[in-house]
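# Residue-level structural notes
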Amino acid sequence: MNLNPRPIDATTAAHDRVYRTLRARIMQGDVQPGVGLTLRGIGRDFDVSMTPAREAVRRLVAEGALTMSSSGRVSTPELSNERIEELAALRALLEVELASRALPRAHLALIERMQTINASIAEAVAHRDAVSYIRTNLEFHRTLYLRAQAPAMLAMAETVWLQMGPTMRALYGRLRKTEPPHFHRLIIAALRAGDEPGLRLAVRSDVTQGLRMLAT
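Residues numbered from 1 in each chain as written. Predicted model: local features only at pLDDT ≥ 70, side-chain atom pairs only at ≥ 80, totals over all residues. Heavy atoms only, no water.

## Points about the side chain of Glu 158
Topologically, Glu 158 is positioned in helix α7 (residues 151–175). On the basis of relative accessibility, which here comes to 15%, the residue Glu 158 falls in the buried class. (Helix = DSSP H or I, 4+ residues; strand = E, 2+ residues; numbered from the N terminus. Buried < 20%, exposed > 50% of the residue type's maximum accessible area, 1.4 Å probe, protein only.)

Written as C-alpha cells, this is what we have:
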C-alpha cells in the first residue's frame, strides 16, 4: 500500500499561487475599482504560463472578485449604489450572526489580540496606508469570527469582503480617515462585558456605516 502523497502538479501549484496572491490583493484593496487585467500581464507578473493565469482568473470571476465583460475584458468590479447596499446588508446579516456565535468563546486572550490588531489599524491610519488599513481591519473581524466555529458562514462573509475590496479602497480615499473605527472599541467593550445586544449593534454599525456613506 502506497502511503506517499501524490506530488502536486507544477501547473496546479502555479495556479494556486496566482489565485491566492491575486485574491489577497483584491480583498485587501491593493487594486482600484475598474482596473483591467490581462492573462499576459498576470503571467508576466507571476512568471507563469497562460494556463495557471487563466484558471486563477476563472475562479476569481466565479467568486465575484473580478468581472468579465461580453467582449472578454477582465477587471476589478465597479459597484453600483444598489450593489453596495446589497453587500452592506449581507455583511450585516452574516457578521452580526458570526459575532453573536463567537461571544461565548471570546476569552481574554482573544480580546487582547483584537486590541493589538486595533492598534495596528491606528498605525495604518496614521501612515495613510490604505492597503494595510483594509488588511488589518479584516484581520480584526476574522479573528473574532473564527471563534464562531461556523466555517461555511465565514466563507460567505469572506466572499463579500472579496467583492468589496476595490470599493473599500475607494471609500478609504474618500473618507480621509484620521482615526481607527469608533465601533471597534464598542465591539471590544461588548465582548468584555458579555453584552450580546451591544455586540450585535456595534458589529452591524461598523460593517454598514462606511459602505452606506459610499453609496450616497
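After that view, the rundown keeps rolling.
## Here's the deal with the environment of Leu 90
In this structure, Leu 90 sits in helix α4 (residues 81–102). With a relative accessible area of 32%, Leu 90 lands in the partly exposed category. Taking the C-alpha atoms as reference, Leu 90 lies 7.6 Å from Val 160; in sequence the two are 70 residues apart.

## Some points on the environment of Gly 29
The topology assignment puts Gly 29 in the loop between α1 (10–27) and β1 (36–37). A residue is classified by how much of its surface remains accessible, and Gly 29, at 0% relative accessible area, is buried. Taking C-alpha positions, Gly 29 is 7.5 Å from Ala 130, a pair spaced 101 residues apart along the chain.

## Some details on the layout of surface pockets
Each pocket or cavity is described by its volume, and for the second largest pocket that value is around 180 Å³. Listed by contribution, the elements that provide at least two residues to the lining of the second largest pocket are α1 and α6 (130–145). The greatest single-element share of the lining of the second largest pocket, amounting to five residues, is contributed by α1. Residue composition of the lining of the second largest pocket, by class: four nonpolar, one polar and five charged. (1 Å grid on protein atoms, 1.4 Å probe; cavity = no way out; pocket = protein on both sides within 12 Å on 5 of 7 lines; lining within 4 Å. Points joined across faces, edges and corners; volume = space filled by probe spheres on them. Nonpolar A, V, L, I, M, F, W, Y, C, P; charged D, E, K, R; others polar.)

## What about empty space enclosed by the protein?
On inspection of all chains with the given rule, the structure shows one cavity of 30 Å³ or more. Looking at the largest cavity, the residues that line it are Met 27, Arg 91, Ile 134, Asn 137, Leu 138, Trp 161, Met 164, Gly 165 and Met 168. Among the elements that make up the lining of the largest cavity, the one with the highest residue count is α7 (four residues). Taken together, the residues of the lining of the largest cavity sort by class into six nonpolar, two polar and one charged.

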